[in-house]
Amino acid sequence: MIVSEPARFPLLASLAALWAFCGAAAAQAQDTAMVSANNPAGVLKAIEGAGYDAEFSPRGEDGTSAYIQVNTYDIHGVVRFADCDEAVPDFCETLVLSTWWDRETPISDAVIAAANRENKYVSVYRDNDGDPVMQWAILTRREGVPTTVFLNALQRFVAIAGDWTETAFADDDPDPQGEAVGEEAGDISGEGARS
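No experiment lies behind these values; they were computed from the predicted model shown.

## Remarks on the state of the cysteines
Moving on, step 1. The final tally for this structure, using the stated rule, is 1 disulfide.
Moving on, step 2. Here Cys84 pairs with Cys92 through a disulfide, and the sulfurs are 2.1 Å apart. Negative torsions about the S-S bond denote left-handed disulfides, and the value of about 95° found for Cys84 with Cys92 makes this one right-handed.
Moving on, step 3. Look at Cys84 and you get partly exposed, because its relative accessible area is 31%.
Moving on, step 4. In this structure Cys92 comes out as buried when scored by relative accessible area, which is 3%.

Laid out in structure tokens, this is it:
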């Protein structure tokens, strides 16, 4: 009588199946790690793990929201923690990716409107100084979103903002007789995301 290997060693076959299942579960858990606006350290770790230069700035005593400064070749921006509970200020539900451009002259309504028509993921508005601000809000709630989803959004945001930089300065000429000035991204000095 010929007995197959699994039948001869049922315990070994069961252990091998259990080991394979645990390995697959661990790999799946690693793939579905979550990022949440409730966990700034986890957000920072995900950003740095993706190779971005990032620095965390905690919530200020004056009530300014916490943010992570993110610098890339294309843009300087922030990931701001928003929709925070007043009673528990560190409990936040939304991550807002944001960048802005410091112009010499206010950007036109037409350029802002065109940006919002052309970019389905981001919104662009003019701040009080007339500078364009681009942002993308990601609702994480308490449960969070998969790290891969967050990092894909961040990567797409950086690409969209980098591509839009030339447009941000296209008509920025305070002196019609001279040359345009101000072709650099905004300073990230802790104003958050110019909310």
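## A look at unusual backbone geometry
Moving on, step 1. Despite not being glycine, Asp83 has its phi angle at roughly 55°, a positive value.
Moving on, step 2. Given a relative accessible area of 51%, Asp83 falls into the exposed group.
Moving on, step 3. For Arg141, which is not a glycine, the phi torsion comes out positive at approximately 50°.
Moving on, step 4. Following the sequence through the fold, Arg141 ends up in the loop between strand 7 (132-139) and strand 8 (145-146).

## Quick look at the packing of aromatic side chains
Moving on, step 1. Summed over all chains, the structure comprises 3 aromatic pairs.
Moving on, step 2. Pairing Tyr121 with Trp136 gives two aromatic rings, centres 5.2 Å apart and planes at 20°, and the pair type is stacked. Placement of the pair is Tyr121 in the loop between helix 4 (109-118) and strand 6 (123-126) and Trp136 in strand 7, with a sequence separation of 15 residues.

## Side note on the environment of Trp101
Moving on, step 1. Structurally, Trp101 is set in the loop between strand 5 (92-100) and helix 4.
Moving on, step 2. The sequence separation of Trp101 and Ala168 amounts to 67 residues, and the corresponding C-alpha distance is 6.8 Å.
Moving on, step 3. Polar side-chain contacts of Trp101 include one of 3.1 Å to the side chain of Thr165.

## Describing the pattern of salt bridges
Opposite charge on two side chains makes pairing possible when the charged atoms of those side chains draw close.
Moving on, step 1. Going through the model one piece at a time under the given rule, you end up with 4 salt bridges.
Moving on, step 2. The residue Arg103 makes a salt bridge to Asp171 at a minimum N-O spacing of 3.0 Å. Highlighted residues: Arg103 in the loop between strand 5 and helix 4 and Asp171 in the segment after helix 5 (147-168), separated in sequence by 68 residues.
Moving on, step 3. Arg103 gets classed as buried once you look at its relative accessible area, which sits at 5%.
Moving on, step 4. Judged by its relative accessible area of 39%, Asp171 falls in the partly exposed class.
Moving on, step 5. Measuring nitrogen to oxygen at the nearest pair gives 3.9 Å for the salt bridge that ties Asp172 to Arg103. On the criterion of sequence distance, the pair formed by Asp172 in the segment after helix 5 and Arg103 in the loop between strand 5 and helix 4 is long-range, its members being 69 residues apart.

## So, the environment of Asp90
Moving on, step 1. Tracing the backbone shows Asp90 in the loop between strand 4 (76-84) and strand 5.
Moving on, step 2. Judged by its relative accessible area of 52%, Asp90 is exposed.
Moving on, step 3. Through-space distance from the C-alpha of Asp90 to that of Asn39 is 8.6 Å; in sequence the pair is 51 residues apart.
Moving on, step 4. Not counting residues up to four positions away in its chain, the partners in contact with Asp90 are Asn38 and Arg59.

## Quick notes on the nonpolar core
Moving on, step 1. Ranked by internal contacts, the top residues of the largest apolar core, which has 39 residues, are Val43, Ile47, Ile68, Met134, Phe150 and Trp164.
Moving on, step 2. Looking at this core, the elements with two or more residues in it are helix 3 (40-49), strand 3 (67-71), strand 4, strand 5, helix 4, strand 7 and helix 5.
Moving on, step 3. Those residues within four positions of Met134 in sequence are excluded, and the remaining contacts are Leu97, Ser98, Thr99, Trp101, Val122, Ser123, Val124, Phe157, Ile160, Ala161 and Trp164.

## Things to note about empty space enclosed by the protein
Moving on, step 1. Summed over the entire model, instances satisfying the criterion amount to 1 cavity of 30 Å³ or more.
Moving on, step 2. Of the volumes computed, that of the largest cavity is approximately 50 Å³.
Moving on, step 3. Val70, Ile75, Gly77, Val78, Val79, Ser98, Leu154, Phe157 and Val158 are the residues that line the largest cavity.
Moving on, step 4. The set of elements that each furnish at least two residues to the lining of the largest cavity consists of strand 4 and helix 5.
Moving on, step 5. Taken together, the residues of the lining of the largest cavity sort by class into 7 nonpolar, 2 polar and no charged.

What counts and how
Residues numbered from 1 in each chain as written. Predicted model: local features only at pLDDT ≥ 70, side-chain atom pairs only at ≥ 80, totals over all residues. Heavy atoms only, no water. Disulfide = S-S within 2.5 Å. Buried < 20%, exposed > 50% of the residue type's maximum accessible area, 1.4 Å probe, protein only. Helix = DSSP H or I, 4+ residues; strand = E, 2+ residues; numbered from the N terminus. Phe/Tyr/Trp six-rings, centres within 6.5 Å; stacked < 30°, edge-to-face > 60°. Polar contact = N/O pair within 3.5 Å; in protein donor to acceptor, adjacent residues only side chain to side chain. Salt bridge = Lys/Arg side-chain N within 4 Å of Asp/Glu carboxyl O. Contact = heavy atoms within 4.5 Å. Core = buried A, V, L, I, M, F, W, Y, C linked by side-chain atoms within 4.5 Å. 1 Å grid on protein atoms, 1.4 Å probe; cavity = no way out; pocket = protein on both sides within 12 Å on 5 of 7 lines; lining within 4 Å. Points joined across faces, edges and corners; volume = space filled by probe spheres on them. Nonpolar A, V, L, I, M, F, W, Y, C, P; charged D, E, K, R; others polar.

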